[in-house]
Structure formats: C-alpha cells, structure tokens
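Read off the chains here:
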Amino acid sequence: MIIINVLLPVKEEKREEFLVFVEDLVNKSRKDEGAEFYDCLESLDTRNQFMIIENWRDQDAIDKHNATDHLKKFLAEIDEYLAGDKELKKVEYTG
C-alpha cells in the first residue's frame, strides 16, 4: 500500500469554500479504483490546517487517480484557498 499525506494550510476567509471544494474531491476519489482510504481531516491543534490522507493499493492506482478530472480540477484551483505552500509526503507501507 502507498500512503500519501498532503498538508494544506487554508486561508481563514476561504475556509467554508474550501470545505465544499475538497468534499467534491474526497467523494469522487473514494470511488477511484485502488483507493483503500481517502479523506480530508483538520488538525486538532491548528485551525485551518488540513491534511488529505490517501491510501492506495499500488502505484498504478495512483497513476489512474492522477489522470482523473476531479484531481486535475483540484490541482488547478487549490492555490486560491491556500495561506502557504502545500506539502506532500509519500511512503510505502510494507508491513
């Protein structure tokens, strides 16, 4: 399994719009072939610090997800919601 975490610092004034925007991505991505888990969660310690957590069966599933219209839309529009840089961490679970 491949795990991807994407940290997203969201502007306070864009918070409610972001929640609707990311909900569309999450709902569609959960249906992508090979998606084991997909959600967006907010930090308990830092308001407006969100993390998209993705668990994928394999790299092929990620490649297919990366080619979807819903991810392309997300990537094209996410920067307008952000208060800083997004950070992506990718690891492989081998346990």
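Residues numbered from 1 in each chain as written. Predicted model: local features only at pLDDT ≥ 70, side-chain atom pairs only at ≥ 80, totals over all residues. Heavy atoms only, no water.

Trainee: Residues and numbers for the nonpolar core, please.
Mentor: Formed by 22 residues in total, the largest nonpolar core has its most connected members in Leu-8, Phe-18, Val-22, Cys-40, Ile-52, Phe-74 and Ile-78. For this core, the elements supplying multiple residues, two or more each, are β1 (2–9), α1 (15–29), β2 (35–42), β3 (49–56), α2 (59–66) and α3 (69–77). Here the element with the most residues in this core is α1; it accounts for 5 residues. Discounting residues that sit within four places of it in the chain, Ile-52 has contacts with Ile-4, Asn-5, Val-6, Leu-8, Val-22, Leu-25, Tyr-38, Asp-39, Cys-40 and Phe-74. (Core = buried A, V, L, I, M, F, W, Y, C linked by side-chain atoms within 4.5 Å. Buried < 20%, exposed > 50% of the residue type's maximum accessible area, 1.4 Å probe, protein only. Helix = DSSP H or I, 4+ residues; strand = E, 2+ residues; numbered from the N terminus. Contact = heavy atoms within 4.5 Å.)

Trainee: If you had to explain the layout of surface pockets to someone new, which residues and values would you point to?
Mentor: The rolling of a water-molecule-sized probe over the atoms marks out the regions of remaining empty space. If you add up the space inside the largest pocket, you get close to 250 Å³. In terms of lining residues, the largest pocket is bounded by 17 residues, among which Ile-4, Val-6, Glu-54, Asn-66 and Leu-88 are the most central. Counting residues per element, the ones that place at least two in the lining of the largest pocket are β1, β3, α2, α3 and β4 (87–92). If you tally residues by element for the lining of the largest pocket, the top one is α2, at 4 residues. Residue composition of the lining of the largest pocket, grouped by class: 10 nonpolar, 3 polar and 4 charged. (1 Å grid on protein atoms, 1.4 Å probe; cavity = no way out; pocket = protein on both sides within 12 Å on 5 of 7 lines; lining within 4 Å. Points joined across faces, edges and corners; volume = space filled by probe spheres on them. Nonpolar A, V, L, I, M, F, W, Y, C, P; charged D, E, K, R; others polar.)

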